[in-house]
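# Chain and residue survey
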Amino acid sequence: MNEELVLSVSHVSGGYHEGGPFRKGTYQEVLHDVTFDVHHGEILGLVGESGTGKSTLSRAILGIIKPDQGTITHYTKRPQMIFQDPYSSLNPAYTVEWILEEPLRIYGKYDGPERKRRVRDMLKRVELPEEVLAAKPSELSGGQRQRVSIATALIQRPRFLIADEPVSALDVTIQAQILKLLRQLRDELDLSYLFISHDLNVVYQLCDRVLVMKSGRIVEQGTVEDIFDHPKEDYTKQLLAAAE
Amino acid sequence: MKKAKLNGYLKAGLILTAILTVLIILGFFWTPYDPEAMMTGPKLQGPTWQHLMGTDKFGRDIFSRVLRGAGSTFTIAASVVAIGAVCGTAVGALTGYFGGMVDETLMRLNDALTAFPSILLALVIISILGPGKKYNVIVALGLVFIPSFARVTRTAFAALRDVNYVKSVRLMGASNGRILLVHILPNTMSVLLPAITIGFNNAVLAEASMSFLGIGVTPPDASLGYMLSEAQGMFVAAPWYALGTGITIVLLVFGVGLIGEGLQRRNGEVA
């Protein structure tokens, strides 16, 4: 693994401002002084209980919310995201082919035949048969939908991908297949992932390094072996014990 | 959506509406008699094979008049719904999607408009625009119909604003216009289509009431509402005039109502 960076998050604090024109605003800080890097080619796990700020962090990285302090530096173009729920991540009004082609239409650099060629190429990479192109998302299984979501996220050829609990809505055998696919795609397409999960077993199977998050802070980070075999923080030990 | 199946309501409504639409379109080009011609047969005659709905006191053929009048009513109702649905959806899309100050302002204005009975509001607009013109009726009713469409679509757009497939295309750099029109709009059809059918029926009835009251369509244009008010004057002498006209309104509203009911039930089954 080389040490080139794809993302650098430095001393980021942030949260949500709520309120409207006729309401008094409230502010809740969710992230506290978060610092970490994502290296080229690595799969970085982000673990922690729900409500701890994992999704807020991903929103900040994607630019959906602005951090109040600190800086987030991207070294690659447009990161993409894979969502947890494969049922709401594909537009139900269109066919799989249309959905896969849409990011390329938005990108606007390729003509029709080239877009079709890229769609078929990506479909092969996520190991789906060409028959699914004509199907609507509702006609696919959960695992197939998640493969289509992954293909959609990758078709603009991003270098960095945020995966927010991408397998936790799937059953165990499908989970293993999707994890294998994600690892394979990382190697083939030269990707880096931030892999958000509350499932430590999944993180152990997939990730190279792990961030442990608690109440908006990164309490511990290290390689998977370090964190799983020699946890330093009590919180990490508790998480590991709970996952046994 | 699962494979869309036609349920009984939808089938019956589509068949009835299709038959009426064919008759109405036919009426634009051909009627058994000239709807305005007097003395096409005996005056005040009941239904016969020559005059399916009888004749009025000038000897005009009522079936011909109903065909032509239904054409007017249909055109007006369709135009009113088109104005209401297009403008209302535009307002609903902008307020639902962007939220914030625009949303608060437009929706409070919407509330204020909804607080007036719609026919009263249409009366006010007509009195400003000037009565008796078909186009003024269309504009007046069209404006009145905007708020209800805005309300329905606003909810749908707001609900889909942060759904994952929208988030995902936003990350890919899709413009707001593309997100609204290409990604969200098709998914609001399950609420928009029933709203259109209900709106169409309300428009038919609103036009009929206004023309009946004499502030809608006036001669030489004839609409079903105007004819109903004409029929009132000869109700005892020629009850078939009121019946023929009234039944046509009922069938028109009933057919489209069935379609709306069918669409809503289909949504219920799929959800």
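Residues numbered from 1 in each chain as written. Chains lettered and ligands numbered in written order. Predicted model: local features only at pLDDT ≥ 70, side-chain atom pairs only at ≥ 80, totals over all residues. Heavy atoms only, no water.

### Focus on the sheet that holds strand 1 (residues 5-18) of chain A
All names here are of chain A. Threshold: If DSSP finds at least two bridges between two strands, the strands pair. What counts as a helix is a DSSP run of H or I of at least four residues, what counts as a strand is a run of E of at least two, and both are numbered from the N terminus. For helices, the axis comes from a line fit to the C-alpha atoms of the stretch in contact; other axes are also lines fit to C-alpha atoms, and the angle between any two N-to-C directions lies between 0 and 180 degrees.
With respect to topology, three strands assemble into an open sheet ordered 2-1-4, the strand pairing being antiparallel. Two strands in the sheet have a free side with no partner beyond their single neighbour: strand 2 (26-39) and strand 4 (69-74). Direction aside, neighbouring strands of the sheet carry axes that sit 25° apart on average. With 10 bridges connecting them, strand 1 and strand 2 associate as antiparallel partners. Each bridged residue has a counterpart across the sheet, and for E18 the counterpart in strand 2 is T26.

### Overview of the confidence of the model for chain A
We count it as follows: Per residue, pLDDT captures the predictor's confidence, and it can take any value from 0 to 100.
For chain A, mean pLDDT is 90; residues scoring 70 or higher make up 96% of the total. By mean pLDDT, the top-scoring element of chain A is helix 3 (residues 112-125) of chain A (96), and the lowest-scoring one is helix 8 (residues 234-243) of chain A (86).

### Looking at the packing of aromatic side chains
Let me state the cut-off plainly: Pairing of aromatic side chains here covers Phe, Tyr and the six-membered ring of Trp, requires ring centres within 6.5 Å, and sorts the geometry by plane angle: under 30 degrees stacked, over 60 edge-to-face, intermediate tilted. Burial status follows relative accessibility: with a 1.4 Å probe on protein chains alone, a residue under 20% of its type maximum counts as buried, one over 50% as exposed, and anything between as partly exposed. Geometrically, a charge over a ring is one whose NZ (Lys) or CZ (Arg) sits within 6 Å of the ring centre while staying within 35 degrees of the ring normal.
Scanning the model with the defined rule gives five aromatic pairs over all chains in all. Both rings, one in A:Y204 and one in A:F228, keep their centres 4.8 Å apart while their planes meet at 55°; by these two values the pair is tilted. Pair noted here: A:Y204 is in helix 6 (residues 200-206) and A:F228 is in helix 7 (residues 224-229), with a separation of 24 residues, a long-range link. Judged by its relative accessible area of 17%, A:F228 falls in the buried class. When the ring of B:Y97 is compared with that of B:F98, the centres are 5.0 Å apart and the planes differ by 85°; the resulting orientation is edge-to-face. The exposure class of B:F98 is partly exposed, given its relative accessible area of 44%. When the ring centre of A:W98 is taken as reference, the NZ or CZ atom of A:R105 above it lies at 4.6 Å. Between A:R118 and the ring centre of A:Y110, over which it is positioned, the NZ or CZ distance is 4.0 Å.

### What to know about the sheet that holds strand 5 (residues 80-82) of chain A
Strand pairs in the sheet, formed through backbone hydrogen bonds, run parallel or antiparallel to each other. Residue and element names in this part refer to chain A. Heads up, the rule is: Any two residues whose heavy atoms approach within 4.5 Å are treated as being in contact.
Overall, mixed pairing links the six strands, which are arranged 5-6-7-3-8-9 in an open sheet. Two strands in the sheet have a free side with no partner beyond their single neighbour: strand 5 and strand 9 (217-223). Direction aside, neighbouring strands of the sheet carry axes that sit 20° apart on average. In the sheet, strand 8 (residues 209-214) pairs with strand 9 via six bridges, with the strands oriented antiparallel. Bridge pairing links R209 to T223 in strand 9. Strand contacts of helix 1 (residues 54-62): strand 3 (43-47), strand 5, strand 6 (160-164), strand 7 (192-197) and strand 8, with the helix running at about 155° to strand 6, the strand carrying the most contacts.

### Section: helix 4 (residues 118-129) of chain B
Residues and elements named next belong to chain B. Put simply, the test is: To estimate how far a helix should extend, the number of its residues minus one is multiplied by 1.5 Å. For this quantity, the arc is that covered by the directions from the helix axis to the C-beta atoms.
Between its terminal C-alpha atoms helix 4 stretches 16 Å, which fits the 16 Å expected from 12 residues at 1.5 Å a residue. The set of residues buried in helix 4 consists of L121, A122, I125 and I126. Looking straight down helix 4, one finds that the buried residues subtend no more than 135° of arc, so they occupy a single side. Turning to helix 4, the residues buried within the fold contact helix 3 (100-115), helix 5 (134-160) and helix 8 (189-212).

### Digging into the interface of chain B and chain A
Let me state the cut-off plainly: For any pair of parts, buried area is found by adding up, for both, the accessible area (1.4 Å probe) each one loses once the two are put together. Salt bridge, as used here, is a side-chain nitrogen of Lys or Arg placed within 4 Å of a carboxyl oxygen of Asp or Glu. Whenever two N or O atoms come within 3.5 Å, that pair is a polar contact, provided that in protein one can donate a hydrogen and the other can accept it, and provided that, for residues adjacent in sequence, both atoms are side-chain atoms. When residues are grouped by polarity, Ala, Val, Leu, Ile, Met, Phe, Trp, Tyr, Cys and Pro land in nonpolar, Asp, Glu, Lys and Arg in charged, and all others, Gly among them, in polar.
Every contact between the two is made by 19 residues of chain B and, on the other side, 27 residues of chain A. Counting the surface lost from both chain B and chain A, the interface buries some 2,000 Å², and carbon and sulfur atoms represent 61% of this. The interface formed by chain B and chain A includes one salt bridge. There are nine residue pairs in polar contact (both at pLDDT 80 or more) connecting chain B and chain A. Sorting the residues of the side of chain B that touches chain A by element identifies helix 3, helix 6 (164-171) and helix 7 (176-184) of chain B as the ones contributing at least two each. Counting residues per element, the side of chain B that touches chain A draws most heavily on helix 6 of chain B, which supplies six residues. Residues of the side of chain B that touches chain A, tallied by class, amount to 10 nonpolar, five polar and four charged.

### Some words on the pattern of salt bridges
All names here are of chain A. For the coordinates displayed, the defined rule picks out 28 salt bridges over all chains. E188 is the salt-bridge partner of R125, the closest N and O atoms lying 3.0 Å from each other. A residue pair is termed long-range when its members are at least 10 positions apart, and R125 in helix 3 and E188 in helix 5 (residues 172-189) qualify at 63 residues.

### Observations regarding the environment of B:L14
Its location among the elements puts B:L14 in helix 1 (residues 8-29). Judged by relative accessible area, which is 40%, B:L14 ranks as partly exposed.

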